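Letter by letter, the chains look like this.
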Amino acid sequence: MRHARFLSMHALAIALFVCCASAFAQDKPAKPVPTGPTPPAWEQLSAAERELLIAPIRERWNAEPAARTRMLEHAKRWQTMTPEQRKAAHDGMRRWSHLNPEQREHARALYERMREMDPDARRALREQWRTMTPEQRDAWLEQHPPANPAPQRPR
């Protein structure tokens, strides 16, 4: 179910938090990893279990023809990611889902700015961001609003 839910999220969220996840990292203790039996491999799932995992993607694929190319590219990109990159993307997606609309706009502004930077400048901004107070961050975000605010998508 997790994989199906992941594929249904915005590609923007992945790109945003893979690039600048550390800028929005919160000082929360890590949640304990659930222990217990490991779920079976795909081949060991029953047809009903496989259908349960695939159904949300099928529904979205059929409901959003304009998003099919992006969904397919996203799936291909996911296959090329390392386990560490996948975890970072997953963590970023989880953080993104907990942001309010204003925080998302702030994240978009930061992402747009960081996209234009070379790796050294990006690292410097991340370091600067970590040392800023919330007021300084707000001031920075006011000076660098997102050029193209993303439209709200219905869930």
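Quick note: structure is the one above.
Residues numbered from 1 in each chain as written. Predicted model: local features only at pLDDT ≥ 70, side-chain atom pairs only at ≥ 80, totals over all residues. Heavy atoms only, no water.

Caption draft 1: Geometry of the overall build of the protein chain. Looking only at helices and strands, one finds eight helices and zero strands in the protein chain. For the protein chain, the sequential pattern of α-helices and β-strands runs α-α-α-α-α-α-α-α. Buried positions account for 28% of the 155 residues belonging to the protein chain. Carbon and sulfur atoms provide 56% of the accessible area of the protein chain, an area that totals close to 11,100 Å². (Helix = DSSP H or I, 4+ residues; strand = E, 2+ residues; numbered from the N terminus. Buried < 20%, exposed > 50% of the residue type's maximum accessible area, 1.4 Å probe, protein only. Areas by Shrake-Rupley, 256 points an atom, 1.4 Å probe, with all protein chains shown as cover.)

Caption draft 2: Layout of the nonpolar core. Judged by nonpolar contacts, Ala109, Leu110, Met114, Met117, Leu125, Trp129, Met132, Trp140 and Leu141 together constitute the single largest core of nine residues. When residues of this core are traced back to their parent elements, those giving at least two are α6 (101–115), α7 (119–131) and α8 (134–143). The leading source of residues in this core is α6, at three residues. (Core = buried A, V, L, I, M, F, W, Y, C linked by side-chain atoms within 4.5 Å.)

Caption draft 3: Quick look at helix α4 (residues 68–80). Look at α4: 19 Å from first C-alpha to last across 13 residues, which is about the 18 Å you get at 1.5 Å a residue. Listed in full, the buried residues belonging to α4 are Met71, His74 and Trp78. The buried residues of α4 occupy an angular sector of 60° when the element is viewed end-on, so they sit on one face. Facing away from the buried side of α4, by more than 90 degrees, are the exposed residues Thr69, Lys76, Gln79 and Thr80. (Expected span 1.5 Å × (residues − 1). Arc of directions from axis to C-beta.)

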